[in-house]
Structures are given as C-alpha cells and as structure tokens.
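# An overview of the molecular structure
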Amino acid sequence: TTHKGNVNKFIFLGFNSNAVYNLLLFTLVFIIYIVTIFGNLLIIMLVNYSKTLHSPMYFFLSQLSISDIMLTTDIAPHMLHIVLQEWTSISFSEFCGSNVIDYLFCDLYPLVELSCSDTSKVQIEATLLSFPVLILPFLVIVVSYTYIVLTILKMSSFSGRLKSFSTCSSHLTVVFIFYGTLIAAYLIPKKGQSQMINKIMSLLYTVFTPFVNPFIYSLRNKEIKDNIKMLYINKRRFNQNL
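Computed from a predicted structure; not experimentally measured. (Residues numbered from 1 in each chain as written. Predicted model: local features only at pLDDT ≥ 70, side-chain atom pairs only at ≥ 80, totals over all residues. Heavy atoms only, no water.)

### Focus: empty space enclosed by the protein
Take a probe with the size of a water molecule and roll it over the atoms, and the empty space left behind shows itself. For clarity, the cut-off: A pocket here means an open set of points on a 1 Å grid, computed over the protein atoms alone, that has protein on both sides within 12 Å along at least five of seven lines. A cavity is instead a set of points where a 1.4 Å probe fits but cannot get out; residues with an atom within 4 Å of a point line either one. Grid points are joined across faces, edges and corners, and a volume is the space filled by probe spheres set on the points. Runs of E in the DSSP output that reach at least two residues are strands. Runs of H or I that reach at least four are helices, and both are numbered from the N terminus.
Scanning the model with the defined rule gives 1 cavity of 30 Å³ or more in all. In terms of lining residues, the largest cavity is bounded by N40, I43, L61, L64, S65, D68, N213, P214, Y217 and S218. For the lining of the largest cavity, the secondary structure elements donating two or more residues are α1 (19-49), α2 (56-85) and α6 (195-219).

### Quick notes on the packing of α1 against helix α7 (residues 222-241)
Basically, it comes down to this: Fitted lines through C-alpha atoms serve as axes, helices being fitted only where they are in contact, and the angles separating the N-to-C directions of these axes extend from 0 to 180 degrees. Geometric relationships in this document are graded by angle, where less than 35 degrees denotes roughly parallel, more than 145 denotes roughly antiparallel, 65 to 115 denotes roughly perpendicular, and other angles denote oblique. Between two residues, a contact is recorded if the distance between any of their heavy atoms is within 4.5 Å. In the scheme used here, Gly and all other residues not listed as nonpolar or charged are polar, with Ala, Val, Leu, Ile, Met, Phe, Trp, Tyr, Cys and Pro taken as nonpolar and Asp, Glu, Lys and Arg as charged.
Following both chains from N to C, one finds α1 and α7 inclined at 85°, their axes separated by 11 Å at the closest point. Classed by the angle they form, the pair α1 and α7 counts as roughly perpendicular. Facing α1, whose interface residues are L42, M45, L46 and Y49, α7 presents I224, N227, I228, L231 and N234. Residues belonging to the contact of α1 with α7 are distributed by class as follows: 7 nonpolar, 2 polar and no charged.

### Description of the environment of L53
Note the cut-off: Buried residues are those whose accessible area, probed at 1.4 Å on protein chains only, stays under 20% of the maximum for their type, while exposed residues exceed 50% and partly exposed ones sit between those limits.
Tracing the backbone shows L53 in the loop between α1 and α2. For L53, a relative accessible area of 0% translates into the label buried. Between the alpha carbons of L53 and E223 there is a distance of 7.7 Å; along the sequence they are 170 residues apart. When neighbours within four sequence positions are excluded, L53 is seen to be in contact with L46, V47, Y58, E223, I224 and N227.

### Re the packing of aromatic side chains
How two aromatic rings sit relative to each other is set out by the distance from centre to centre and by the angle between their planes. We apply this condition: Ring pairs are drawn from Phe, Tyr and Trp, using the six-membered ring of Trp, whenever the two centres fall within 6.5 Å, and their geometry is named by plane angle: stacked under 30 degrees, edge-to-face over 60, tilted for the rest.
One pass over the full model with this rule turns up 8 aromatic pairs. Connected via pairs of aromatic rings, a cluster forms that spans F138, F176, F178 and Y179.

### Observations concerning a positive patch on the surface
We apply this condition: Only residues whose relative accessible area exceeds 30% and that form no salt bridge enter a patch; like-charged residues are grouped when within 9 Å of one another, and nonpolar side chains (Val, Leu, Ile, Met, Phe, Trp, Tyr) when within 5 Å. Values of accessible area rely on a 1.4 Å probe in the Shrake-Rupley scheme; residue burial ignores everything except the protein chains shown. Any carboxyl oxygen of Asp or Glu within 4 Å of a side-chain nitrogen of Lys or Arg constitutes a salt bridge here. Note on charges: Lys and Arg go in the positive column, Asp and Glu in the negative column, and His and the chain ends are not counted at all. Here the site of a charge means atom NZ of a Lys, CZ of an Arg, CG of an Asp or CD of a Glu.
Together, K163, R220, K225 and K229 give the surface a local cluster of positive charge. Judged by its relative accessible area of 41%, R220 is partly exposed.

### Side note on the UniProt feature "transmembrane region" (unreviewed entry) in the chain
Selection criterion: UniProt positions are given in the numbering used here, feature names are shortened, and annotations may be inferred rather than shown by experiment.
Here, UniProt's "transmembrane region" (unreviewed entry) annotation points to residues 20-46, 129-153, 165-188 and 200-219. As a span, residues 129-153 carries 100% helix and 0% strand, and end to end its C-alpha atoms are 36 Å apart. The span residues 200-219 is 100% helical and 0% strand by assignment, and the distance between its end C-alpha atoms comes to 26 Å.

### Section: the layout of surface pockets
Taken as a whole, the largest pocket holds about 840 Å³ of empty space. L61, Y145, H171, I216 and Y217 are, among the 29 residues lining the largest pocket, the residues nearest its centre. Those elements giving two or more residues to the lining of the largest pocket turn out to be α2, α4 (120-153), α5 (158-186) and α6. Looking at side-chain class alone, the lining of the largest pocket contains 15 nonpolar, 10 polar and 4 charged residues. Roughly 250 Å³ of volume is contained in the second largest pocket. Lining the second largest pocket, in full, are A126, L129, S130, V133, L134, F178, Y179, L182, Y186 and Y205. For the lining of the second largest pocket, the secondary-structure elements that each account for two or more residues are α4 and α5. Residue composition of the lining of the second largest pocket, by class: 9 nonpolar, 1 polar and no charged.

And the structure:
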C-alpha cells in the first residue's frame, strides 16, 4: 500500500542536548571506542602470536574480541556522527508520517514505531526471538556460574576462594549489564518508559560492554599479562638491535 507523503529519509535526534554536552559525550564515546578497538586487537594479536595461548579458552576469547569489534564498529561511528552533528539522517523508503527517530542509531523498536502499518506481528516475532537469543543464553550462563560458585565454596584455601570470587563477580557484573540492558530494551514494554533511559541502556550494551570485556576477561589474566610483557621485551630488543 502506498501513502501520500511517504518519507525517504529518517532524522535521528541523538540526545538532543546543547553543543557543550554533545561535545563531551562525543569525546567520551570516541575514547571508549578507540580503547575498545585497540584492547580487542591486542588480545587477538597475542592469542595468534603466543603459542602458550593456543588453547580453546583463548580461542573463544579472541572470538569474543572479534565480535566486540564488529558490534561497536557497526554502531559507534554513526552514533558519534549523530552526537557531533546534534542530528543526522539516513535514507530509507516503505514508511510514512513522521521521519524523526528519537534515538542514537537505527534500532528495531524506534523504527517500528514510525510505521504506518500494523506492526503487532513484528513486535510479537521480536519478543519470541528474544527468548532463544537472550533469555536462554543468560540462563545457561547463570547456571554455569552457580556450579562454579559451588565448586569455589569447596576450596580449602581462603585466598583461593577470595581470588576466584573476585574473578567471578567481575564476569557476572558484565553479564548482567549486557543481558540486563538487552532484556530491558527488547522484552520490557516501552509504554511510560523514559526515552533518555532507553538511550543510556543502548550505550551500555553497544559501547560500554565491548569496552570492558577485554579488561574483565583477558587483560586481567596472568598469562595474557606475561605475554604482553614478553611482547614489550621483544620489541625493546628488536629496537636495540636496529
């Protein structure tokens, strides 16, 4: 069905704040993005460079780093453009009515709200898909860490238990931030929910989580630290021999 006045582009409002606030936000997100890219690239390089890290655990950590780079690169650059320009547009047709999206990037629900057709089926499908994609992995992680905690409690060494709990707590914090914000964004009804809160939650799972993952899962690891030191020592030796 065609509609009179069909739009061919969408306008993103971003945070719709003053220029100083947007500049500060741009600087913060840009620094986080750069650190995310370099931190994850460092992990990928170390895992490929060091034979001591050629194990399934580090292989999957490098895959996590690749996923984090892809996720944040898919969203962050355009988000930075929106924040810096205060608003921006993308071309798009098969919509009508308002073309203003009060969001930071082209996410599903803000886009669906602009549709002139019945979107109830799309929303039901999105909710149903959220269970195998979000709820099931989240439950598997929680169950896994429950068994890990039970194993830690059986350890005789207090210092060992303390160190293990410290590691698990940092892991679980990232898991809850990531899955918690995703569940809030895609499963909890949006009616009456603050749009500012929605934007902040989107920043948490698209920008903040990929930023902290290298520090939580890899860079705190003793083997990773040892390989970074070895890489630094080899670089110094190479420069001295030039």
